[in-house]
Every structure is written in C-alpha cells, then in structure tokens.
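# An overview of the molecular structure
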Amino acid sequence: MVEQKYESLVSILQEMKKVVVAFSGGVDSTFLLKVAVDSLGVENVLAVTADSETYPTSELEEAKQLAAHIGARHAVIETSELAIPGYTENDKNRCYFCKSSLFDHLVPIMQEKGFENIVYGVIADDMSEFRPGMRAAKEQGVRGPLAEADLYKEEIRELSKQAGLPTWDKPSFACLSSRIAYGETITQAKLTKVDKSEAFLKTIGLRQVRVRTHEDIARIEVEPQDMQKLLANHQRVTEKLQSYGYKFVTMDLIGYKSGSMNRALS
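In this text, all values refer to a predicted model and were calculated from it rather than measured experimentally.

Calculation notes
- Residues numbered from 1 in each chain as written.
- Predicted model: local features only at pLDDT ≥ 70, side-chain atom pairs only at ≥ 80, totals over all residues.
- Heavy atoms only, no water.
- Axes fitted to C-alpha atoms, helices over the stretch in contact; angles between N-to-C directions.
- Helix = DSSP H or I, 4+ residues; strand = E, 2+ residues; numbered from the N terminus.
- Parallel < 35°, antiparallel > 145°, perpendicular 65-115°, else oblique.
- Left-handed = near helix turned anticlockwise from the far one by under 90°.
- Contact = heavy atoms within 4.5 Å.
- Nonpolar A, V, L, I, M, F, W, Y, C, P; charged D, E, K, R; others polar.
- UniProt positions renumbered as here; feature names shortened; annotations may be inferred.
- Buried < 20%, exposed > 50% of the residue type's maximum accessible area, 1.4 Å probe, protein only.
- Phe/Tyr/Trp six-rings, centres within 6.5 Å; stacked < 30°, edge-to-face > 60°.
- Lys NZ or Arg CZ within 6 Å of the ring centre and 35° of its normal.

## Quick notes on the packing of helix H2 (residues 27–40) against helix H3 (residues 57–70)
At a minimum axis separation of 10 Å, H2 and H3 run at an interaxial angle of 25 degrees. Taken together, the axis directions place H2 and H3 in an arrangement best described as roughly parallel. Helix-helix and strand crossings are classified by hand; for H2 and H3 the assignment is right-handed. For the pair H2 and H3, contact is made by Thr 30, Leu 33, Lys 34 and Val 37 and by Leu 66, Ala 67 and Ile 70, respectively. Looking at the contact of H2 with H3, its residues break down into five nonpolar, one polar and one charged.

Structure, rendered in structure tokens:
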C-alpha cells in the first residue's frame, strides 16, 4: 500500500517536470525534496527556504545541511511575517496570510528560473484539520503532492527511513507563531521568548515540546512519556521560563497535540 502511494507520488512529480519546493527542513518537505530530486533530476528541482522571525536559526542551519545531504540546489530568501498586513493580529486566518506571502515570494522565483510548478509539504493528515494556508495554496496554484498521493505522516516517516533521511524520526515542527493564542498580538519579543524556552526544554531531554503562550502563562506540552521528566525538573524549568518573562509556568495534562491552539476555535 505504501509502495503504491510512493509510486503515485513519483508519477505526480514527473507530470510536473520542473518544481520549486517550499522547503522548511521538516519531515514532510525533506521527503518531498528527496523524491523530487530522485524523480526529476537535480537540475529540475530548486529548494527554497524562507528565513524569517518565526523560523529558528537552528532550523535554518539544519535545512541547509539537509539540502546538501540530498544534493539539491537550495536558495534562502529573507521574509518577514511580522510585516504582513493582518498577520500580527493573530486571528484564525494567520496561516493564510503567512502562506499567501510565502507563495508571493516563490512565484517570481519560479517564473525567473523557468520552473513550472511550486510544491509544498501539506500531507493527508492535514486535510481533516483547520489549515487556512491550504486556501492560499489553492488560490496561487501551489500543489501538495504528498497529500495528492494520500500519504500520511507515519507513512512518510517510514519511507524517509527507507530512503536514509535523518529526518525520519525528527519531531514535528511548526512556526513559532503557532505557539501564541489566537487574538493575542504577535511580537518579536514573544517569538524570542518561545524560541528560548523551547530550546532550553530540549536541553533537559524533552524530544517533542511546545510552549503555548497565553499572555504571561506558559502552557508546556510534551509527550505523555516525558511528563515525569518535565516534573522532575520543575524548579529549573520554572525559574528559567520566568527569567524569559513568563509569570506562570504550567504543564498541559493532555500532552503534545499538533495544532492544539485550534481547540479554542471550536
């Protein structure tokens, strides 16, 4: 079944001929880039990474290394989500504004370089979730080959492992703005506070972590098996996160959940 989906993905990409890949260095876009290069040849694929306030420096460096590992041509462009009209207000359409701006940057690159399509790492799992960025993709003709091939996250991890990609077991990643509660203005100071907090939590051995921000409250999400580790370090964690500006530091007993801020929209 997974092999059939992989063949479908290859066919979809081959039909596109020349693609620009919106490349974050996450599990999905890395696998998409690898299959694109294998299916179309290096000369017909260009990975583009947007460096912005919502993208940690560590992720940018990893994206560069991954592109080199795959052997893909790679370009880094400078963008600023905080400058996008409507973005910092942080309503439920925040991701629409972000993706729309990203694709606005990628379309001229596609045209200038003589490519025919832009692709990004939306997957089958995303089709049942609230993802305003998909509307931006549809408006600009940007395609999601992984979703078109009906590939789910666990299948992509399995195929990534088979392909020798180091991202096969990489924790899921999303932009730092997704940590800030809807309706709360996004600022550089808040993004930096989240970035520092999550970086610190990883130093104590937490694999998958989110610091959801509700004004001056940090709601920490980790996988259930890591809750005891977080509790064992509760004093260090509290002191460190308070030094970054949080007044209250909490642990979410539900645990890590992708897109958990969307619960507030129900």
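Structure shown, so let's carry the discussion forward.
## Here's the deal with the environment of Gly 164
As for its position among the elements, Gly 164 is in the loop between helix H7 (153–162) and helix H8 (188–203). As for Gly 164 and Ile 118, which are separated by 46 residues in sequence, their C-alpha atoms are 25 Å apart.

## A word on the UniProt feature "active site" (unreviewed entry) in the protein chain
In the UniProt entry, the feature "active site" (unreviewed entry) is given for Cys 175. Here Cys 175 shows up in the loop between H7 and H8. The exposure class assigned to Cys 175 is partly exposed, which follows from its relative accessible area of 22%. Aside from chain neighbours lying at most four places away, what touches Cys 175 is Thr 54 and Tyr 87.

## Details of the UniProt feature "domain: NAD/GMP synthase" (unreviewed entry) in the protein chain
Taking the numbering used here, the UniProt-annotated feature "domain: NAD/GMP synthase" (unreviewed entry) corresponds to residues 15–80. With 45% helix and 26% strand, the stretch residues 15–80 has end C-alpha atoms that lie 33 Å from each other.

## A few points about H7
When H7 is considered as a whole, its buried residues turn out to be Lys 153, Glu 155, Ile 156, Arg 157, Leu 159 and Ser 160. Buried-residue contacts for H7 involve helix H1 (2–16), H2 and helix H6 (145–148). The positive-phi residue at the C-terminal boundary of H7 is Gly 164, with phi of around 75 degrees.

## Concerning the packing of aromatic side chains
A complete count under the given rule lists four aromatic pairs for this structure. Centre to centre, the rings of Tyr 55 and Phe 173 are 6.4 Å apart; their planes meet at 75 degrees, and the pair counts as edge-to-face. Within this pair, whereas Tyr 55 is found in the loop between strand S2 (45–51) and H3, its partner Phe 173 is found in the loop between H7 and H8, the two being separated by 118 residues in sequence. When its relative accessible area of 9% is taken as the criterion, Tyr 55 is described as buried. For Phe 173, a relative accessible area of 28% gives the class partly exposed. Between Tyr 96 and Phe 97, the ring centres sit 5.8 Å apart and the planes meet at 70 degrees, which makes this aromatic pair edge-to-face. Given a relative accessible area of 23%, Phe 97 falls into the partly exposed group. Its end group placed over the ring of Phe 115, Lys 18 keeps NZ or CZ at 5.1 Å from the ring centre. Here the basic side chain of Lys 161 rests over the ring of Trp 168, its NZ or CZ set 4.4 Å away from the ring centre.

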